[in-house]
Amino acid sequence: MTDMDDLLGGHQQPATPPGGRRAPKQRRRGPGCLIALLILAVVAGAGYWGVTKGIDRVQDAFASADDYPGPGGDPVIFEVKQGDTISDMGRGLKADDVVASVDAFISAANANPQSNKIQAGAYGLKKQMKASDVVAVLVNPDNIVTTHVTVPEGLQVSQVVDLLVEKTGFKKAEFEAALKDPKALGLPDYAEGNPEGNPEGYLFPATYDFRPDEKPADMLHDMVARWQQAAQDNDLEAGAETLGYTPHQIMTIASMIEAEGRGEYRAKIARVIYNRLEIDPNPAAGFLQIDATVNYALGRPGPAVLTQADIDSVADSPYNTYRQKGLPPGPIEAPGDDSIQAALHPADGPWFFYVTTNLKTGETKFTDSYDEFLEFKQELQEYCDTQSDRC
């Protein structure tokens, strides 16, 4: 055997037979063919499985998601929170059994061109509604469920509580319990000048839309938060510093203006208060002599013409500005923006006295003469003699 024979393992090509024809080559069929066939079968099977799955996925994409036929059953209050996506809403609605599936809600929202305008808030829905009906409710902000309460200017805390009890259905005791925690209400530190830390003057007069889940403490907190907004809008702290008073004192002055004046007269009343506080000597000897503060001490809301007996009956009260010099301890009612502005921007004038001579129109007269002041008081008395129901 040659060296080549060794390399080939002893297998040599057969010699050419006589006649010059090469012997036919033997075709060998071994395990390799079986392996190749097996591989082809596997590839073919995998291709069929992949195509089948792809078809299934396409069919799934076009299949209708589970949806309720509607119209729905038991009522549900559903809240859309600030920042919720359509998917977030869908999951919440599915969890509350309002819609049958998240996909049905998403499809219905995508089909409604107004769905990008859904606002945060609470909505009245039903269990097992048709998804498109749910979207139709959510896209209309008029469907947001709230308790609508308008709190007018000039109410005292006790009056605000009575109004909230009437409008919300909560008990008076629940509001009174919330009032005992001024920190939880969000009152500023300087409001602690109020006796017992009550929020008198800081429950801002405005229109409120309370959510269904809000409790008495939440509602009162909302009102204090609205006052904080007003304080910022009116630049209360900077304005108070400019005038040389604390923000609490400005709120106290604003509350007296709210109780005593209207319209154009507010800024003039503010000037009378500052003149009496700051100019010494003055004809009023530093006493503010404001009827509304005495009425507050008497526990009666609203304007009322005082008698001497009224003044004498609460002589020791810090709110009796006929007997105590300077400002009372705190606000006597809730002032609105106009009265806060008047307190921060008093009119220019020399007046020390004013009298509202017509309680119906609010006409008010001002003077720096005590004698003229007595004439104005006589006008008021004559008015009351003919309009006793207003005095």
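Quick note: structure is the one above.
Calculation criteria
The residue count restarts for each chain, going from 1 along the sequence in the order it is written. Per-residue local features are limited, in this predicted model, to residues with pLDDT of at least 70; the limit for side-chain atom pairs, both in listing and counting, is 80 or more; totals at the level of whole chains, interfaces and linings are taken over all residues. Hydrogens and water are ignored here; the side-chain numbers use all heavy atoms of the structure. Buried, partly exposed and exposed residues are distinguished by accessible area as a fraction of the type maximum, computed with a 1.4 Å probe on protein chains only: under 20%, between the cut-offs, and over 50%, respectively. Secondary structure elements are defined from DSSP: runs of H or I of at least 4 residues count as helices, runs of E of at least 2 residues count as strands, and each element is numbered from the N terminus. Only strands joined by at least two bridges in the DSSP assignment are considered to pair. The definition of a polar contact used here is a pair of N or O atoms within 3.5 Å, where within protein one atom must be able to donate a hydrogen and the other to accept one, and adjacent residues in sequence count solely through side-chain atom pairs. Salt bridges are defined by distance alone: a side-chain nitrogen of Lys or Arg within 4 Å of a carboxyl oxygen of Asp or Glu. By convention a nonpolar core is built from buried Ala, Val, Leu, Ile, Met, Phe, Trp, Tyr and Cys residues, the set being connected through side-chain atoms within 4.5 Å. Here, two residues are considered to be in contact whenever any of their heavy atoms come within 4.5 Å of each other. Within 6.5 Å between ring centres, the rings of Phe, Tyr and Trp (the latter by its six-membered ring) count as paired, and their orientation is classed by plane angle as stacked under 30 degrees, edge-to-face over 60, tilted in between.

1. Some details on the pairing of strand S5 (residues 353-358)
Then comes step 1: Across the six residues that make up S5, a large majority, six, are buried.
Then comes step 2: Pairing of S5 with strand S6 (residues 363-367) involves five bridges; the strand directions are antiparallel. By the bridge assignment, Val355 is partnered in S6 with Lys365.

2. A few points about the environment of Thr146
Then comes step 1: Summarising the element assignment, Thr146 is placed in the loop between helix H5 (131-138) and strand S3 (147-150).
Then comes step 2: Exposure remark for Thr146: the relative accessible area of 34% places this residue in the partly exposed category.
Then comes step 3: Thr146 sits 25 residues away from Gly121 along the chain, and the two C-alpha atoms are 8.5 Å apart.

3. Considerations on the side chain of Asp310
Then comes step 1: Within the fold, Asp310 resides in helix H14 (residues 308-313).
Then comes step 2: The class for Asp310 is buried, based on a relative accessible area of 15%.
Then comes step 3: Side-chain polar atoms of Asp310 contact the side chain of Arg300, separated by 2.9 Å.

4. Considering unusual backbone geometry
What you tend to see is this: most non-glycine residues have negative phi, and most peptide bonds are trans.
Then comes step 1: Across the junction of Gly70 and Pro71, the peptide omega takes the value 0°, indicating a cis bond.
Then comes step 2: Counting through the fold element by element, Pro71 comes out in the loop between helix H2 (31-62) and strand S1 (75-80).
Then comes step 3: Across the junction of Asp280 and Pro281, the peptide omega takes the value 0°, indicating a cis bond.
Then comes step 4: Even without being a glycine, Asp97 presents a positive backbone phi close to 60°.
Then comes step 5: Under the relative-accessibility criterion, Asp97 is labelled partly exposed at 23%.

5. Some remarks on the pattern of salt bridges
Then comes step 1: Overall, the coordinates contain nine salt bridges when judged by the stated rule.
Then comes step 2: Two residues, Lys365 and Glu379, come together in a salt bridge whose shortest N-O distance is 2.8 Å. One end of the pair, Lys365, is in strand S6; the other, Glu379, is in helix H16 (residues 370-386), and 14 residues separate them in sequence.
Then comes step 3: According to the relative accessible area criterion, Lys365 is partly exposed, its value standing at 24%.
Then comes step 4: Taking relative accessible area as the criterion, Glu379 reaches 29% and is therefore assigned partly exposed.

6. Topic: the nonpolar core
Then comes step 1: Val151, Leu164, Leu220, Ile250, Ile257 and Ile273 are the most contacted members of the largest nonpolar core, which totals 57 residues.
Then comes step 2: Apart from residues lying up to four places away in sequence, Ile250 is in contact with Leu236, Ala240, Leu243, Tyr245, Tyr274, Ala343 and Leu344.
Then comes step 3: Listed in part, the 21 residues of the second largest apolar core include Val76, Val98, Ala104 and Val135.

7. Topic: the packing of aromatic side chains
Then comes step 1: Considering all chains together, one arrives at 12 aromatic pairs under this definition.
Then comes step 2: A ring pair is formed by Tyr202 and Trp227, whose centres lie 4.8 Å apart and whose planes are at 80°; its orientation type is edge-to-face. Taken together, the positions of Tyr202 in the loop between helix H8 (182-185) and strand S4 (207-210) and Trp227 in helix H9 (residues 216-233) put the pair 25 residues apart, joining distant regions of the chain. Comparing Tyr202 with Trp227 shows no difference in burial state: the two are buried.
Then comes step 3: Each ring, one from Phe353 and one from Phe373, has its centre 4.8 Å from the other, and the planes form 25°; the classification is stacked. Placement of Phe353 in strand S5 and of Phe373 in helix H16 is noted, with a sequence separation of 20 residues between them.
Then comes step 4: Its relative accessible area of 15% is what places Phe373 among the buried residues.
Then comes step 5: Cluster of aromatic residues (ring-pair linked, three or more members): Tyr265, Trp351, Tyr354 and Phe366.

Structural measurements only, silent on function.
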